[in-house]
Amino acid sequence: MGCYDCCVRCLGGVPYTSLVATLLCFSGIALFCGCGHQALTETERLIETYFARNMQDYITLAYLIQYFQYIIYGLASFFFLYCILLLAEGFYTTSAVKQTFGEFRSTVCGRCLSTTFIVVTYVLAVVWLLVFAIAALPVYFFYNMTSTCHTIDVLSETATSINQLCIDVRQYGLLPWNAIPGKACGMTLSTVCQTREFSLTYDLYIAAFAGAGITLLALLTYMISTTYNFAVLRYLGRKGIGTRC
């Protein structure tokens, strides 16, 4: 066998769908966790600087942000290990590998393993769909804030009622209702929107939202590949190609 034939057979044993899903999952989780972690830190700084004067007003929010950051650490570790397992399962069950190594025995354990991965991946996809929706909330908040600031800038030279245009973070549950000031209005709000902290936080939340979408796409791709692998194993089992565990 020549070097070319050997390379072709080796490349033929690569589960490309699982490999693409793994790359998507790694990039999506890295984007979501990295940007999300920093965005939470910047959010706490914005609240502390512009919307709360008393530390007791945002101490609960600070604890929640800290807990969410710990959850992000766990998510990054879990998805890294789970993606590696799914990629290994793809190498194990792909039809290209079966053709490369000759006769392959479909075992009961192999089919049970594929079934487990399908169920777990489906549950993760449903849960991550909720995470994807939640990740859109801060993007909506900052978009609303940016739109209000744009309106203030447009009306600043022609209207005297721009102080009635406000963003009240207490309405979003970020601060208690007795927090002072709890909101920013008029030119004060416009000044906040022009700060580097605001622009950075907005961009980070957009990146985290994009990362959540990429991760969701990766999970859906995993569902397709694991379902296909399971169908192949069931087909081999019905053909009687080995049923031992």
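Rules used throughout
- Residues numbered from 1 in each chain as written.
- Predicted model: local features only at pLDDT ≥ 70, side-chain atom pairs only at ≥ 80, totals over all residues.
- Heavy atoms only, no water.
- UniProt positions renumbered as here; feature names shortened; annotations may be inferred.
- Disulfide = S-S within 2.5 Å.
- Helix = DSSP H or I, 4+ residues; strand = E, 2+ residues; numbered from the N terminus.
- Buried < 20%, exposed > 50% of the residue type's maximum accessible area, 1.4 Å probe, protein only.

- As recorded in an unreviewed UniProt entry, the protein goes by the name Myelin proteolipid protein, listed as coming from Aldrovandia affinis.
- For the record of the protein, the UniProt heading Sequence similarities (unreviewed entry) holds the text "Belongs to the myelin proteolipid protein family."
- The record held by UniProt for the protein lists under Subcellular location (unreviewed entry) the comment "Membrane".

## Examining the state of the cysteines
Step number 1: Within the structure shown, the criterion is met by two disulfides.
Step number 2: Note that Cys 149 is cross-linked by a disulfide to Cys 193, the S-S spacing being 1.8 Å. Here the S-S torsion is close to 55°, and the disulfide linking Cys 149 with Cys 193 is therefore right-handed. Note that Cys 149 is positioned in helix α5 (residues 108–155) and Cys 193 in helix α6 (residues 186–193), a separation of 44 residues in sequence. Residue Cys 149 shares its accessibility class with Cys 193, and that shared class is buried.
Step number 3: Paired through a disulfide, Cys 166 and Cys 185 show a sulfur-sulfur distance of 1.9 Å. On the sign convention where negative means left-handed, the S-S torsion of about 110° between Cys 166 and Cys 185 marks this disulfide as right-handed. Taken as a pair, Cys 166 in strand β1 (residues 166–168) and Cys 185 in strand β2 (residues 183–185) lie far apart in primary sequence, 19 residues in all.
Step number 4: By relative accessible area, which is 18% here, Cys 185 ends up buried.

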